[in-house]
Protein chains: 2
Amino acid sequence: MFLKEALILWNTDVVSMMSPLLAAVTPEYSPIILSGVLLTLIVIFIASKIGSEVARKFDFSPVLGELVAGVIVGVSAFHLVIFPEGELAGADSLIMTLVQALNHLSPAGIEAVFESQSEVISVLAEIGVIILLFEIGLESDLRQLKEVGVQAIVVACVGVALPFAAGTVGLMVLFHVAAIPAIFCGAALTATSIGITSKVLTELGQLQSKEGQIILGAAVIDDVLGIIVLAVVASLAKTGEIDVTNVIYLIVSATIFLIGSILLGNFFNTSFTAIVDKLKTRGNIIIPAFTFAFLMAFLANAIHLEAILGAFAAGLVLDETEERNELDELIKPIADLLVPIFFVTVGARADLGVLNPTVPENRAGLLIAVFLVVVAVIGKLVTGWAVFGIPGVNRWAIGVGMIPRGEVGLVFAGIGAASGVLDKPLQVSIIVMVILTTFLAPPFLRVAFDRAAEVPAPEKSLGE
Amino acid sequence: MFLKEALILWNTDVVSMMSPLLAAVTPEYSPIILSGVLLTLIVIFIASKIGSEVARKFDFSPVLGELVAGVIVGVSAFHLVIFPEGELAGADSLIMTLVQALNHLSPAGIEAVFESQSEVISVLAEIGVIILLFEIGLESDLRQLKEVGVQAIVVACVGVALPFAAGTVGLMVLFHVAAIPAIFCGAALTATSIGITSKVLTELGQLQSKEGQIILGAAVIDDVLGIIVLAVVASLAKTGEIDVTNVIYLIVSATIFLIGSILLGNFFNTSFTAIVDKLKTRGNIIIPAFTFAFLMAFLANAIHLEAILGAFAAGLVLDETEERNELDELIKPIADLLVPIFFVTVGARADLGVLNPTVPENRAGLLIAVFLVVVAVIGKLVTGWAVFGIPGVNRWAIGVGMIPRGEVGLVFAGIGAASGVLDKPLQVSIIVMVILTTFLAPPFLRVAFDRAAEVPAPEKSLGE
């Protein structure tokens, strides 16, 4: 005990003597940055697991739990996982305070370490969302779409166009939001969550019903549309101006990129299989798969679209290979480890304090949040009435089934926050919209299908 | 085509107008940093796969191939993966030059992006080596050691003490190297590579022979000793002084940390299994396992030891749980993805140019490299003669079997380079030592066992 105390004292002296010098030399910080990153990851992992388990217990999506857990450990509450945004500094972070105490860092040192570790966590979250979209791409079966056909396309298009238009115009006209953030928010309303919807449909035994198939098909299509819209909108946000030429270029290039990758899919697939077959060392499937996914993400980024569009396209392509099932299994643990970093940090970055109703300045932000939720619900609800030519179809069920937003909506909030295009009230409003639509949809979906069950509908014959 | 060109022109103007402004604002760089990280990871993945496949083809360890591939893409040759060390700047990096061209970055901007992306890749490499040691821990079966018993312990201790003492003293006396770097190099000579040795023994059908069992047992023990030595030496390097109190504190704390975790293993194991059993959402095994591994790594770091010691202890502990086999499977793809980042960057950081024999100043460095290789070979060769009480044992085979260094030696080189304690010639000498011992051991091991086969030895009865 004596030795250890003496040593700590001695250490403190040496380090405090050296700290003005250390502040200039980055390599000296490297083990401290690693400490900060490890501690942040530990907090993120524990929060994500508690959040997802609690959510599951109350029958909500695990993603929702991770998001709420992020809010709790983040800037809104415990200040464990925060980022150098606005007026936040390293001294505000509980983790940084602990790291500082352990390593006897100077105030300047703590800010340098805070900046670096936040940068690393941000990139890990971005890699997490790239892997998420890669996985979604791998799980989206484009051939399935042919079966549900035109109805799903109509529902998807109405469900993308309506909330997008109503959201954007409403924000600009009613709330005087500038064009780019308004478009960004409108776009965030477009994509239905495949994960949440398909889970609830499975529980209700309605996945194979006509309604279930239309909902799922439309959810896949509006995910694709949503990701294209995101690529376009995020690129607009980067330049900060809306230029008709630019918009046309972006829409065309995003569409060409996605359709091009699918058309070239056969070539990619045979090359991929040939390479995997030749490799005999460890990682023979996972390394080529991630090289391809990261390459597509980089290419999408290089032509000024979003990295996630590339990862999604890579997933769609590799979905068709022979190694598909093995790849699915191998990606799972990697996604399980990295995707929660994305969801937790999205929640952690969201400062719910900006919607605190007791502060008068927040009223406008609150109204925006309410407006976005209303548009999000109504904009998807009406899609049920876009279905035509199927007598007796449960329009309520289709409309309600399209309501829950999820991963893609959060991707909008995350990218909007990281790029600085969304101010805090808008960013938080999107997150509140995702949380509420996800909370509301499952119970309402049960009601909608129950009502239909009272009418003796010929469900079996609709099943195919 | 016209539209796109017009747009690029327009983009260039806007961006170049904005670039002095951008240089101050980090969030604006975030997609560019992501681009740089993705491109670097793509290069690392491709290099690691080509390297490991070529190595395998010529019957060498895949790790060796990854290391050599790192040298080729790194500072010694193609300048694709480099780090801001010495006089290297972003403009020297081919990847950064491409990223700059794609994003019209200012010279100041490119350096900021280069710093950030290098930081991210460094932390990813550090996480890679943490996962590597976690996996090695999971694979080290401590119970097996009881069977080979005293002989393996003697061989291990001789094989650690001799190269360590000869290397350290030799460097200080013959080459006038300062004490801390000399100790660091001496310590880098201690650990035999379990992976390489066990692979060659398996190929020769000698894994179950008395010699094979002694070699393997000793390799496991000297890995543990090597990691303790590394924890102590790296901590000395941080403070820059050798203080007897400090050395004693470090040796005692490293030993207590490792033995303490193993003794508490039962408690950790039941807690881990209880937690895993309760969790029902995705990642129910992998997230608790990595939380534990990162927590142990953080704790080791917090008491001024090395993060990898904690990860190794976590692996040893979880090796005893029921989920062990499932965990092994889940960790594999994660390790396959992240561990090559470590090996490739160790190679990439090593500037082989400092050993170029045509430059007169390099002669001293070259002599050091030769000296280290000789000590590394002889220091392990003599361990065969430390075996006692087994008549007819193949002493040559045991000695040669202990020669190959691998992962742990590279961990020394990597940590030594990152912490700045090793100058370039010493760092490169360690890497050359690892490469040469790994190249030499397999053919010599075949000869050693073949010579024994000429004498009609009762091999079967020695098998148990």
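This structure is a prediction, so every number in the text was calculated from the model and none was measured.

## Overview of a positive patch on the surface
A cluster of basic residues, R56 and K57 of chain A together with K278 and K280 of chain B, forms a positive patch on the protein surface. Along the chain, R56 of chain A turns up in helix α2 (residues 30-57). In this structure R56 of chain A comes out as partly exposed when scored by relative accessible area, which is 39%.

## Some words on the interface of chain B and chain A
The partner chain A presents 73 residues to the 72 residues of chain B that form the contact. Carbon and sulfur atoms make up 72% of the area that chain B and chain A hide from each other, which totals about 6900 Å². Per-residue buried area on chain B facing chain A is highest for R282, I287 and F298 of chain B; these three make up 10% of the total on that side. Across the contact surface, chain B and chain A share four salt bridges. Among the ionic pairs, R282 of chain B bridges to D336 of chain A, the shortest N-O distance being 2.7 Å. At the surface where chain B touches chain A, the tally comes to 20 residue pairs in polar contact (both at pLDDT 80 or more). The leading source of residues in the side of chain B that touches chain A is helix α2 (residues 30-57) of chain B, at 16 residues. In terms of residue class, the side of chain B that touches chain A is built from 41 nonpolar, 16 polar and 15 charged.

## Thoughts on the side chain of T192 of chain B
Residue and element names in this part refer to chain B. Topologically, T192 is positioned in the loop between α7 (179-188) and α8 (194-204). At 2.7 Å, the side chain of T192 and the backbone oxygen of M402 are in polar contact. Dropping the residues within four chain positions of it, T192 is found in contact with T197, A219, D222, D223, K380, G401, M402, P404 and R405.

## Things to note about the packing of aromatic side chains
Residue and element names in this part refer to chain B. With the rule as written, the count across this model stands at 18 aromatic pairs over all chains. Judged by centre distance (5.7 Å) and plane angle (80°), the ring pair of F290 and F294 falls under edge-to-face. Here F294 and F290 lie together in helix α12 (residues 286-302), a separation of four residues that amounts to about one turn. For F294, a relative accessible area of 3% gives the class buried. The ring of F83 has R349 lying over it, and the distance from NZ or CZ to the ring centre is 4.0 Å.

## As for the relation of the copies chain B and chain A
Each of the two chain copies can be brought onto the other by rotation about an axis and movement along it. The transformation that overlays chain B on chain A combines an axial shift of 0.0 Å with a rotation of 180°, and the residual RMSD is 0.0 Å. Put plainly, the chains are arranged around a two-fold axis. A high fraction, 100%, of the interface residues of chain B reappear at the interface in chain A, so the copies pair face to face through one surface.

## Overview of the environment of A55 of chain A
Residue and element names in this part refer to chain A. Here A55 is to be found in helix α2. By relative accessible area, A55 is classed as buried at 8%. Each C-alpha atom of the pair A55 and A69 lies 9.9 Å from the other, and the pair is 14 residues apart in sequence. Apart from the residues lying within four places of it in its own chain, the contact partners of A55 are F60, S61, P62 and G65.

## Considerations on the nonpolar core
Among the nonpolar cores identified, the biggest contains 292 residues, and F184 of chain A together with F184 of chain B are the most heavily contacted of them. Excluding anything up to four places from it in sequence, F184 of chain A contacts L230, V233, A234, A237, F412, I415, G416, V421 and L422 of chain A. Judged by nonpolar contacts, the second largest core, of 22 residues, contains A152, V155, I390 and V400 of chain A.

## Describing the pattern of salt bridges
Applying the stated rule across the entire model yields 12 salt bridges over all chains. Ionic pairing is found between R282 of chain B and E135 of chain A, a salt bridge with its closest N-O pair at 2.9 Å. Taken together, the residues R282 of chain B in the loop between α11 (265-278) and α12 and E135 of chain A in helix α5 (residues 107-139) connect one chain to another. Given a relative accessible area of 40%, R282 of chain B falls into the partly exposed group. E135 of chain A gets classed as buried once you look at its relative accessible area, which sits at 9%. Between E329 of chain A and K332 of chain A there is a salt bridge whose closest N-O contact spans 3.7 Å. One end of the pair is E329 of chain A and the other is K332 of chain A, both in helix α14 (residues 324-349) and three residues apart, which spans about a single turn. The class for K332 of chain A is partly exposed, based on a relative accessible area of 33%. Each member of the salt-bridge network shares a partner with another, and the members are E135 and D336 of chain A together with R282 of chain B.

## Some details on helix α17 (residues 407-419) of chain B
Residue and element names in this part refer to chain B. Its 13 residues place the ends of α17 18 Å apart at the C-alpha level, agreeing with the 18 Å of an ideal helix rising 1.5 Å per residue. Across the 13 residues that make up α17, a large majority, 11, are buried. Buried within α17 are the following residues: E407, V408, G409, L410, V411, F412, A413, G414, I415, G416 and A417. The first or second residue beyond α17 is G420, which carries a positive phi of 85°.

## Overview of the domain arrangement of chain A
All names here are of chain A. Splitting chain A by domain gives domain 1 (12-121) and domain 2 (132-462). If you average the C-alpha positions of domain 1 and of domain 2, the two centres end up 30 Å apart. Contacts between domain 1 and domain 2 engage 22 residues on the former and 23 residues on the latter. With both chains or domains summed, domain 1 and domain 2 bury close to 2100 Å², and 74% of this area falls on carbon and sulfur atoms. Summed over the three residues of domain 1 that lose the most area to domain 2, namely V63, L64 and L67, the buried surface amounts to 24% of that side. Between domain 1 and domain 2 we count zero salt bridges in total. Counting every contact that joins domain 1 to domain 2 gives four residue pairs in polar contact (both at pLDDT 80 or more). If you list the elements that add at least two residues to the side of domain 1 that touches domain 2, you get α2 and α3 (62-73). Top contributing element to the side of domain 1 that touches domain 2 by residue count: α3, with eight residues.

## Describing the packing of helix α9 (residues 210-239) of chain A against helix α13 (residues 307-318) of chain A
All names here are of chain A. Here α9 crosses α13 at 150°, and the two axes come no closer than 9 Å. It follows from the interaxial angle that α9 and α13 lie roughly antiparallel. Taken as a pair, α9 and α13 cross one another with a handedness that is left-handed. Contacts between α9 and α13 involve V224, I227, I228, L230 and A231 on the former and, on the latter, I308, L309 and F312. Partitioning the contact of α9 with α13 into residue classes produces eight nonpolar, no polar and no charged.

## Here's the deal with the packing of α14 of chain A against helix α17 (residues 407-419) of chain A
All names here are of chain A. In the contact formed by α14 and α17, the axes pass within 10 Å of each other and the chain directions differ by 55°. Considering their axes alone, α14 and α17 lie oblique with respect to each other. Relative to α17, α14 is oriented so that their crossing is left-handed. Here F342, F343 and V346 of α14 come into contact with α17, specifically with E407, L410, V411 and G414. When the residues that make up the contact of α14 with α17 are grouped by side-chain class, the tally is five nonpolar, one polar and one charged.

## A few points about a nonpolar patch on the surface
All names here are of chain A. There is a patch of nonpolar side chains on the surface, built from L162, V370, V374, I378 and V382 and spanning about 390 Å² of accessible area. With respect to the helices, strands and loops of the structure, V370 is situated in helix α15 (residues 363-381). Given the relative accessible area of 48%, V370 is considered partly exposed.

## Examining the environment of P84 of chain B
Residue and element names in this part refer to chain B. With respect to the element layout, P84 can be found in the loop between α3 (62-73) and α4 (94-103). C-alpha of P84 to C-alpha of E115: the two residues are 31 residues apart in sequence and 6.7 Å apart in space. Other than its neighbours up to four places away in sequence, P84 contacts F114, E115 and S118.

## Details of unusual backbone geometry
Residue and element names in this part refer to chain A. Backbone geometry places H104, a non-glycine residue, at a positive phi of 50°. Considering the arrangement of structural elements, one finds H104 in the loop between α4 (94-103) and α5. According to the relative accessible area criterion, H104 is partly exposed, its value standing at 25%. Despite not being glycine, H176 has its phi angle at roughly 55°, a positive value. Mapped onto the fold, H176 is located in the loop between α6 (142-175) and α7 (179-188).

So, how was this worked out
- Residues numbered from 1 in each chain as written.
- Chains lettered and ligands numbered in written order.
- Predicted model: local features only at pLDDT ≥ 70, side-chain atom pairs only at ≥ 80, totals over all residues.
- Heavy atoms only, no water.
- Patch = residues over 30% accessible without salt bridge, like charges linked within 9 Å, V, L, I, M, F, W, Y side chains within 5 Å.
- Areas by Shrake-Rupley, 256 points an atom, 1.4 Å probe, with all protein chains shown as cover.
- Salt bridge = Lys/Arg side-chain N within 4 Å of Asp/Glu carboxyl O.
- Lys, Arg positive; Asp, Glu negative; His and termini not counted.
- Charge placed at Lys NZ, Arg CZ, Asp CG, Glu CD.
- Helix = DSSP H or I, 4+ residues; strand = E, 2+ residues; numbered from the N terminus.
- Buried < 20%, exposed > 50% of the residue type's maximum accessible area, 1.4 Å probe, protein only.
- Contact = heavy atoms within 4.5 Å.
- Buried area = accessible area lost by both parts, 1.4 Å probe.
- Polar contact = N/O pair within 3.5 Å; in protein donor to acceptor, adjacent residues only side chain to side chain.
- Nonpolar A, V, L, I, M, F, W, Y, C, P; charged D, E, K, R; others polar.
- Phe/Tyr/Trp six-rings, centres within 6.5 Å; stacked < 30°, edge-to-face > 60°.
- Lys NZ or Arg CZ within 6 Å of the ring centre and 35° of its normal.
- Least-squares fit on C-alpha atoms with pLDDT ≥ 70 in both.
- Core = buried A, V, L, I, M, F, W, Y, C linked by side-chain atoms within 4.5 Å.
- Expected span 1.5 Å × (residues − 1).
- Domains from an automatic or database assignment.
- Axes fitted to C-alpha atoms, helices over the stretch in contact; angles between N-to-C directions.
- Parallel < 35°, antiparallel > 145°, perpendicular 65-115°, else oblique.
- Left-handed = near helix turned anticlockwise from the far one by under 90°.

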